[in-house]
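Take a look at the letters that make up each chain.
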Amino acid sequence: MRKELWSGLGMMAVIVAITAWIMPAPSQMTTGHLGLLMLSLVVVAIMLGFPTAFTLMGMGVIFAWLAYRFDNPAIATQQTLDLMVQRTYAVMTNDVLISIPLFVFMGYLVERANLIERLFKSLHLAMAFVPGSLAVATLATCALFATATGIVGAVVTLMGLLAFPAMLRAGYDIKLSAGAITAGGCLGILIPPSVMLILYGATAGVSVVQLYAGAFFPGLLLAGLYIAYVVLVARLRPALAPPATPEERTVTLPEPSRILAGGRRRLAVPALLGALTRPPPGVGRRWAGRQLATALLPAAALAVGIAAVHGVVTAERVVDTGGLVEVGDGEAAPEEAYQGAELAPLEDDGAPAEAGAEPVPVAGPEGAVEEVREAGAEAPAVAAPAGGKPAPPAFWIAVAAALAALAVHYGIFTLERLEILKMLLTSFFPLTTLILAVLGSIVFGWATPTEAAALGAAGAMVLTGAYRQFRWSVLKESVFLTAKTTAMVCWLFVGSSIFSAAFALLGGQGLIERWVLGLDLTPIQFMVLAQAIIFLLGWPLEWTEIIVIFMPIFIPLLGHFEIDPLFFGLLVALNLQTAFLSPPVAMAAFYLKGVAPRHVTLNQIFAGMMPFMAIQILALVLLYVFPQIGLWLPRVLYR
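No experiment lies behind these values; they were computed from the predicted model shown. (Residues numbered from 1 in each chain as written. Predicted model: local features only at pLDDT ≥ 70, side-chain atom pairs only at ≥ 80, totals over all residues. Heavy atoms only, no water.)

1. What about the overall build of the protein chain?
For step 1, the next point in the chain: Secondary structure summary: the protein chain contains 28 helices and 6 strands in total.
For step 2, the next point in the chain: Looking at the protein chain as a whole, 45% of its 639 residues are labelled buried.
For step 3, the next point in the chain: In the protein chain, once contacts between residues fewer than 6 apart in sequence are set aside, the share between residues at least 24 apart is 77%.
For step 4, the next point in the chain: A total of about 31,500 Å² of accessible surface is found on the protein chain, and carbon and sulfur atoms cover 66% of it. (Helix = DSSP H or I, 4+ residues; strand = E, 2+ residues; numbered from the N terminus. Buried < 20%, exposed > 50% of the residue type's maximum accessible area, 1.4 Å probe, protein only. Contact = heavy atoms within 4.5 Å. Areas by Shrake-Rupley, 256 points an atom, 1.4 Å probe, with all protein chains shown as cover.)

This is the structure:
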């Protein structure tokens with residue numbers, strides 16, 4: 001037998017042995033122990049290759065019937081069928097899941113726009129001066145393309161066909177090349193917009209908007225650590241990642257640019273300004289004007305960005321006082337000023353009572369005098385003073401740094417770099433604009449995730465049309481694959497819902513909670529235990545199975561340890577990166593092996609992924625030690 005098969009059988013044997021050790025004798029077995037048995041059987045069945053969704057549904061129905069039969073055998077069948085219908089209907093009416101087909105459709109369309117080859121080439125040329133430029137460009141391309149599509153298999157496969165042969169021809173180490181492609185392709189399930197975050201939000205009842213805002217910086221952190229590792233390896237061991245040759249750095253100039261260059265490396269802006277005032281033969285003023293406008297785009301973008309940020313930091317926030325009107329300028333007022341001030345009472349659920357309810361007197365704090373209007377009255381807003389507030393010093397420091405960087409940019413901005421900028425404008429920036437438009441509309445509250453996903457799908461159609469790839473066959477195939485993927489996700493949720501209900505009916509959840517609480521763990525110990533379990537589950541299982549099977553077990557325990565479900569979800573999302581890289585079920589490795597040259601072995605791919613798995617663990621530790629990496633943006637925007 002192959003080593004992978006022996007490894008899988010060994011893991012199943014370990015699971016069976018642990019289950020047999022935990023389970024008591026049949027005479028002492030309770031329904032809670034049946035729940036644990038069901039959980040073990042599901043894991044083993046999935047590892048044997050049975051479809052996850054239908055395995056969950058089948059096990060859930062069988063064990064739900066057993067749970068109902070222990071209670072009342074006469075109506076057990078009817079109750080089980082009712083449970084199936086109710087859980088299926090609950091999934092069908094879950095608004096969070098509506099965005100999934102739209103995001104998936106956007107991903108399939110972007111994948112078919114044939115953008116990845118142009119993107120990889122332009123990023124490689126732009127990063128030719130960086131050590132390990134091919135691997136760095138591969139990671140950047142994977143991160144951007146995986147973020148736009150969210151389809152790990154497609155990204156790894158396409159980059160395996162495009163970047164892997166190029167790196168091997170350039171003399172790159174097989175392990176480093178394989179690790180860069182597989183690790184970079186998996187970033188799409190972490191960096192928003194991510195389907196995995198939608199599934200976690202629907203499972204845990206956490207806002208998808210806050211998850212997207214929270215996952216943004218951890219995703220960038222992980223991508224940055226990948227790139228830093230590749231650059232460090234290329235710097236310390238150049239034999240593993242040779243520098244780019246002069247031929248690889250060469251940019252072909254159009255004829256007018258060659259005339260302007262005159263065989264030298266001329267700066268673009270002065271040369272184009274000279275061509276506008278005194279054009280040489282073969283160079284038209286109109287062409288020079290268009291090229292100069294393109295060259296000045298970075299300066300224009302910086303100016304627009306500075307103006308926008310200045311408007312935000314200097315704007316006085318209009319505060320809705322909710323009926324509270326400040327009296328005086330901070331000086332204490334006589335007690336009569338706030339005697340009798342009344343506030344509408346709150347109902348039991350925290351909502352304000354209807355107008356006309358019996359008012360409750362409110363005492364004001366010393367030195368702060370407030371009047372409270374009656375319930376139902378108009379709530380005035382505090383108007384912003386004319387002129388706004390001055391910009392903070394940090395803003396001007398950032399502006400100075402940006403202007404200095406712009407000056408450096410134009411100091412080295414040659415005609416060759418102008419051609420690279422034009423390549424980026426037709427590959428990198430359209431895709432980045434699409435991603436930022438979708439993500440920005442969600443994070444800043446301009447649109448719901450579903451509306452933003454519809455915007456992304458429309459943008460993907462426009463992008464595909466702009467690259468002249470929008471054909472009936474492309475649209476038909478994208479719609480078919482979207483329906484197929486969405487059906488899989490929805491059936492997975494139905495199966496998970498039935499399985500979770502059966503697990504709770506049998507008392508498995510209560511048994512696990514009592515066991516965990518009996519360990520008397522601190523919140524830190526529980527967090528370490530939970531993340532270690534999720535990390536180990538990533539070896540035999542995929543992230544979808546971990547989310548829908550095990551998250552409903554962990555989530556109820558978070559309240560006891562006072563752990564924020566948002567922060568826990570960010571840790572889980574970062575941890576689940578390992579599920580694609582950990583053997584024996586490392587799907588990214590099998591995707592790459594399917595398109596790799598014959599002399600590349602699966603063991604070499606696995607070995608190349610190990611350093612990147614270590615980087616993922618490092619990023620997980622950094623996020624736990626510095627939680628503001630993930631929580632700062634949601635708190636600034638929403639709290």
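Here the narrative resumes.
2. Quick notes on the pattern of salt bridges
For step 1, the next point in the chain: A complete count under the given rule lists 3 salt bridges for this structure.
For step 2, the next point in the chain: Notably, a salt bridge pairs Glu 255 with Arg 258, separated by 2.4 Å at the nearest N-O pair. Here the residue Glu 255 and the residue Arg 258 both occupy positions in helix α13 (residues 255–261), the gap between them amounting to 3 residues, near one helical turn.
For step 3, the next point in the chain: Judged by relative accessible area, which is 44%, Glu 255 ranks as partly exposed. (Salt bridge = Lys/Arg side-chain N within 4 Å of Asp/Glu carboxyl O.)

3. Describing the side chain of Ser 427
For step 1, the next point in the chain: Topologically, Ser 427 is positioned in the loop between α18 (415–425) and α19 (428–443).
For step 2, the next point in the chain: Taking the relative accessible area as the measure of exposure, Ser 427 reaches 0% and is therefore buried.
For step 3, the next point in the chain: Here the side chain of Ser 427 touches Met 423 through a polar contact of 2.8 Å, landing on its backbone oxygen.
For step 4, the next point in the chain: With sequence-adjacent residues up to four places away left out, Ser 427 is seen in contact with Leu 115, Arg 118, Leu 119, Ser 122 and Tyr 467. (Polar contact = N/O pair within 3.5 Å; in protein donor to acceptor, adjacent residues only side chain to side chain.)

4. Things to note about the packing of aromatic side chains
For step 1, the next point in the chain: This structure, assessed with the given rule, holds 14 aromatic pairs.
For step 2, the next point in the chain: Between the aromatic rings of Phe 499 and Phe 503, the centroid separation amounts to 6.2 Å while the plane-to-plane angle is 10°, which identifies the pairing as stacked. Linking Phe 499 with Phe 503, this pair stays in helix α21 (residues 472–506), spanning 4 residues, or about one helical turn.
For step 3, the next point in the chain: Members of the aromatic cluster, each reached through a chain of ring pairs, are Phe 216, Phe 217 and Trp 632. (Phe/Tyr/Trp six-rings, centres within 6.5 Å; stacked < 30°, edge-to-face > 60°.)

5. Observations concerning the side chain of Ser 497
For step 1, the next point in the chain: In this fold, Ser 497 is placed in helix α21.
For step 2, the next point in the chain: In this structure Ser 497 comes out as buried when scored by relative accessible area, which is 13%.
For step 3, the next point in the chain: Those residues in contact with Ser 497, other than ones at most four positions away along the chain, are Arg 87 and Val 91.

6. Details of helix α7 (residues 133–149)
Residues spaced three or four apart along an α-helix face the same direction, because each turn holds 3.6 residues.
For step 1, the next point in the chain: Here α7 spans 24 Å end to end across 17 residues, near enough to the 24 Å set by a 1.5 Å rise per residue.
For step 2, the next point in the chain: Burial analysis of α7 places 17 of its 17 residues in the buried class, which makes it a mostly covered element.
For step 3, the next point in the chain: Looking at the residues trailing α7, positive phi occurs at Gly 150, about 70°. (Expected span 1.5 Å × (residues − 1).)

7. Topic: a nonpolar patch on the surface
For step 1, the next point in the chain: On the surface, a cluster of nonpolar side chains totalling about 750 Å² of accessible area is made up of Phe 217, Leu 220, Phe 444, Trp 446, Trp 632, Val 636 and Leu 637.
For step 2, the next point in the chain: Elements represented by at least two residues in the nonpolar patch include exactly α11 (208–236) and α28 (628–638).
For step 3, the next point in the chain: No other element matches α28, which puts 3 residues into the nonpolar patch.
For step 4, the next point in the chain: Mapped onto the secondary structure, Leu 637 falls in helix α28.
For step 5, the next point in the chain: Leu 637 sits in the partly exposed class, given a relative accessible area of 30%. (Patch = residues over 30% accessible without salt bridge, like charges linked within 9 Å, V, L, I, M, F, W, Y side chains within 5 Å.)

8. Some points on the environment of Thr 55
For step 1, the next point in the chain: With respect to the helices, strands and loops of the structure, Thr 55 is situated in helix α3 (residues 52–71).
For step 2, the next point in the chain: Residue classification places Thr 55 among the buried positions, given a relative accessible area of 9%.
For step 3, the next point in the chain: Along the primary structure Thr 55 and Ser 496 are separated by 441 residues, whereas in three dimensions their C-alpha atoms are 9.6 Å apart.

9. Section: the confidence of the model for the protein chain
For step 1, the next point in the chain: When pLDDT is averaged along the protein chain, the result is 80; 86% of the residues meet or exceed 70.
For step 2, the next point in the chain: In this model, residues 319–386 is a region of pLDDT below 50 whose contacts with residues beyond four sequence positions or in other chains number 66 contacts. (pLDDT = per-residue confidence, 0-100.)

10. Digging into helix α9 (residues 174–185)
For step 1, the next point in the chain: For α9, with 12 residues, the first-to-last C-alpha span of 17 Å sits near the 16 Å given by 1.5 Å per residue.
For step 2, the next point in the chain: Where α9 is buried, its residues meet α7, α8 (152–169), α11, α26 (587–593) and α27 (602–625).
For step 3, the next point in the chain: The opening residue of α9 is Asp 173, an N-cap whose side-chain oxygen sits 3.2 Å from the backbone nitrogen of Lys 175.

11. Details of the nonpolar core
For step 1, the next point in the chain: Grouped together as the largest cluster of nonpolar side chains are 177 residues, with contacts concentrated most on Leu 431, Met 551 and Phe 568.
For step 2, the next point in the chain: If near-sequence neighbours (up to four positions away) are discounted, Leu 431 is found in contact with Val 110, Leu 115, Leu 119, Leu 144, Phe 145, Ala 148 and Leu 463.
For step 3, the next point in the chain: Grouped together as the second largest cluster of nonpolar side chains are 18 residues, Ala 261, Ala 268, Phe 413 and Leu 415 included. (Core = buried A, V, L, I, M, F, W, Y, C linked by side-chain atoms within 4.5 Å.)

12. Some remarks on the state of the cysteines
For step 1, the next point in the chain: Going through the model one piece at a time under the given rule, you end up with 0 disulfides.
For step 2, the next point in the chain: Note on Cys 186: no disulfide assigned, nearest cysteine sulfur contributed by Cys 142 at a separation of 9.1 Å.
For step 3, the next point in the chain: Looking at Cys 186, the relative accessible area reads 0%, which means it is buried. (Disulfide = S-S within 2.5 Å.)

13. Quick word on the environment of Leu 56
For step 1, the next point in the chain: Within the secondary structure, Leu 56 sits in helix α3.
For step 2, the next point in the chain: Residue classification places Leu 56 among the buried positions, given a relative accessible area of 0%.
For step 3, the next point in the chain: Separated by 17 residues in the primary sequence, Leu 56 and Leu 39 have C-alpha atoms spaced 9.4 Å apart.
For step 4, the next point in the chain: Not counting the four nearest positions on each side in its chain, Leu 56 is found in contact with Val 42, Leu 492, Gly 495, Ser 496, Phe 499, Val 548 and Ile 549.

14. Quick notes on the packing of α3 against α21
For step 1, the next point in the chain: Interaxial distance between α3 and α21 falls to 8 Å at its minimum, and their mutual angle equals 25°. Regarding the angle of α3 to α21, the classification is roughly parallel. Handedness of the crossing formed by α3 with α21: left-handed. For the pair α3 and α21, the contacting residues are Thr 52, Ala 53, Leu 56, Met 57, Gly 60, Val 61, Phe 63, Ala 64, Ala 67 and Tyr 68 in the first and Trp 491, Leu 492, Val 494, Gly 495, Ser 496, Ile 498, Phe 499, Ala 502, Leu 505 and Leu 506 in the second.
For step 2, the next point in the chain: Grouping the amino acids of the contact of α3 with α21 by side-chain chemistry returns 16 nonpolar, 4 polar and no charged. (Axes fitted to C-alpha atoms, helices over the stretch in contact; angles between N-to-C directions. Parallel < 35°, antiparallel > 145°, perpendicular 65-115°, else oblique. Left-handed = near helix turned anticlockwise from the far one by under 90°. Nonpolar A, V, L, I, M, F, W, Y, C, P; charged D, E, K, R; others polar.)

15. Some remarks on unusual backbone geometry
Where the residue is not glycine, phi is negative for most of them; where a peptide bond is considered, it is trans in most cases.
For step 1, the next point in the chain: Pro 192 connects to Pro 193 through a cis peptide bond whose omega is -5°.
For step 2, the next point in the chain: Take Pro 193: it is sitting in the loop between α9 and α10 (195–204).
For step 3, the next point in the chain: The backbone of Asp 520 shows a phi angle near 55°, a positive value even though the residue is not glycine.

16. Details of the environment of Pro 597
For step 1, the next point in the chain: Here Pro 597 lies in the loop between α26 and α27.
For step 2, the next point in the chain: According to the relative accessible area criterion, Pro 597 is partly exposed, its value standing at 26%.
For step 3, the next point in the chain: Along the primary structure Pro 597 and Pro 165 are separated by 432 residues, whereas in three dimensions their C-alpha atoms are 8.0 Å apart.
For step 4, the next point in the chain: If we skip the residues at most four places from it in the chain, Pro 597 touches Phe 164 and Leu 168.

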